[in-house]
Amino acid sequence: MTVDAAPLRFAAPEEAARANFYALLARLFYAAPDQALLDALAAAPELDDAEGAMALAWRDLASAAAQADPAALKEEFDAAFVGTGKAPVTLYACAYSIRFTNEAPLAQLRGALAALGLGRQENATEPEDHIAALCEVMRYLIAQQKDLSEQRAFFERWIWPSAEPLCDAIS
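This is a predicted model, so every value here is computed, not measured.

A. View of the packing of helix α6 (residues 105–115) against helix α8 (residues 148–170). The contact between α6 and α8 brings their axes to 12 Å, and the two run at 155°. In terms of axis orientation, α6 runs roughly antiparallel to α8. By crossing handedness, the relation of α6 to α8 is classed as left-handed. Listed contacts from α8 to Pro 105, Gln 108, Leu 109, Ala 112 and Leu 113 of α6 are Phe 154, Arg 157 and Trp 158. Of the residues in the contact of α6 with α8, the class split is six nonpolar, one polar and one charged.

B. Examining helix α3 (residues 53–67) more closely. Compared with the 21 Å implied by 1.5 Å per residue over 15 residues, the 21 Å span of α3 between its first and last C-alpha is a close match. When we look at burial in α3, the residues that qualify are Ala 55, Trp 58, Ala 62 and Ala 65. The arc that holds every buried residue of α3, seen down its axis, measures 85°, which confines them to one face. Opposite the buried face of α3, by more than 90 degrees, sit the exposed residues Ala 53, Asp 60 and Gln 67. Lining the buried residues of α3 we find α1 (13–30) and α2 (35–43).

C. Local environment of the layout of surface pockets. Computed from the structure, the largest pocket encloses a volume of approximately 1000 Å³. If you trace the largest pocket, you find 34 residues lining it, with Leu 25, Leu 28, Phe 29, Leu 61 and Ile 170 closest to the centre. Residue assignment for the lining of the largest pocket shows that the elements contributing at least two residues are α1, α2, α3, α4 (70–82), α7 (131–143) and α8. Among the elements that make up the lining of the largest pocket, the one with the highest residue count is α8 (eight residues). For the lining of the largest pocket, the class distribution of residues is 31 nonpolar, one polar and two charged.

D. Fine view of the nonpolar core. Counting 27 residues, the largest nonpolar core has Leu 91, Ile 131, Leu 134, Val 137, Leu 141 and Phe 154 as its most contacted members. The dominant element in this core, judged by the number of residues it contributes, is α7, at nine residues. Counting six residues, the second largest nonpolar core, distinct from the first, contains Leu 24, Leu 37, Leu 38 and Ala 65.

E. Geometry of the pattern of salt bridges. Per the counting criterion, the structure on display carries seven salt bridges. Across the pair Arg 18 and Glu 15 runs a salt bridge, and its minimum N-O distance is 3.0 Å. Remark: Glu 15 and Arg 18 occur in helix α1; sequence separation between them is three residues, near one turn of the helix. When its relative accessible area of 22% is taken as the criterion, Glu 15 is described as partly exposed. The salt bridge partner of Arg 110 is Glu 128, with a shortest N-O separation of 3.0 Å. Linking Arg 110 in helix α6 with Glu 128 in the loop between α6 and α7, this pair joins segments that are 18 residues apart in sequence. A single network of salt bridges, built from pairs that share partners, joins Arg 110, Arg 120 and Glu 128.

F. Structural context of α8. Across its 23 residues, α8 extends only 29 Å between first and last C-alpha, which sits more than 12% below the 33 Å expected from 1.5 Å per residue. A bend of about 45° at Ile 159 is the largest found in α8, and the proline Pro 161 appears one to four places after it. Considered for burial, the residues of α8 that qualify are Gln 151, Phe 154, Trp 158, Ile 159, Ser 162, Ala 163 and Leu 166. Where α8 is buried, its residues contact α1, α5 (94–97), α6 and α7.

G. Examining the environment of Ala 104 more closely. Position of Ala 104 among the secondary structure elements: in the loop between α5 and α6. Between the C-alpha atoms of Ala 104 and Cys 94, which are 10 residues apart in sequence, the distance is 8.9 Å.

How each quantity is defined
- Residues numbered from 1 in each chain as written.
- Predicted model: local features only at pLDDT ≥ 70, side-chain atom pairs only at ≥ 80, totals over all residues.
- Heavy atoms only, no water.
- Axes fitted to C-alpha atoms, helices over the stretch in contact; angles between N-to-C directions.
- Helix = DSSP H or I, 4+ residues; strand = E, 2+ residues; numbered from the N terminus.
- Parallel < 35°, antiparallel > 145°, perpendicular 65-115°, else oblique.
- Left-handed = near helix turned anticlockwise from the far one by under 90°.
- Contact = heavy atoms within 4.5 Å.
- Nonpolar A, V, L, I, M, F, W, Y, C, P; charged D, E, K, R; others polar.
- Expected span 1.5 Å × (residues − 1).
- Buried < 20%, exposed > 50% of the residue type's maximum accessible area, 1.4 Å probe, protein only.
- Arc of directions from axis to C-beta.
- 1 Å grid on protein atoms, 1.4 Å probe; cavity = no way out; pocket = protein on both sides within 12 Å on 5 of 7 lines; lining within 4 Å.
- Points joined across faces, edges and corners; volume = space filled by probe spheres on them.
- Core = buried A, V, L, I, M, F, W, Y, C linked by side-chain atoms within 4.5 Å.
- Salt bridge = Lys/Arg side-chain N within 4 Å of Asp/Glu carboxyl O.
- Bend = angle between axes of the 7 residues up to and from the residue.

Laid out in structure tokens, this is it:
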């Protein structure tokens, strides 16, 4: 995606937190975590909602990161998402959302991104429907203080239909 490289600014701490979760998801779906990311996750403070499901999942992630071996994670990431030939798990949303052979969701996504003023970078190696790219778009929408209905519409059209089947494939 092509956007201005200026730092992202957020209207409220909750918006920054939401955008940062999307950034983390994008990073984890783009490549296996390196030691620096694992160290940052392991040292991350707990969430305020200490007993909620999100806080417990965050705590589990921090604990797993503290014990993780980056080389083993890279091997597992490559085996699951890169593979030789066809990867066992695809990270492309359109693979989970196409219902009919005459659908062209990638073309529709490109149109939706163009309407937002976003486009593919010349050096990009992944199609726009890569889940990491979609998470980055959500982060951008939050930072641009787009109306929640616009954020919801993008999420419901481009992320939600593939979320459950993608998570099932990963599991």
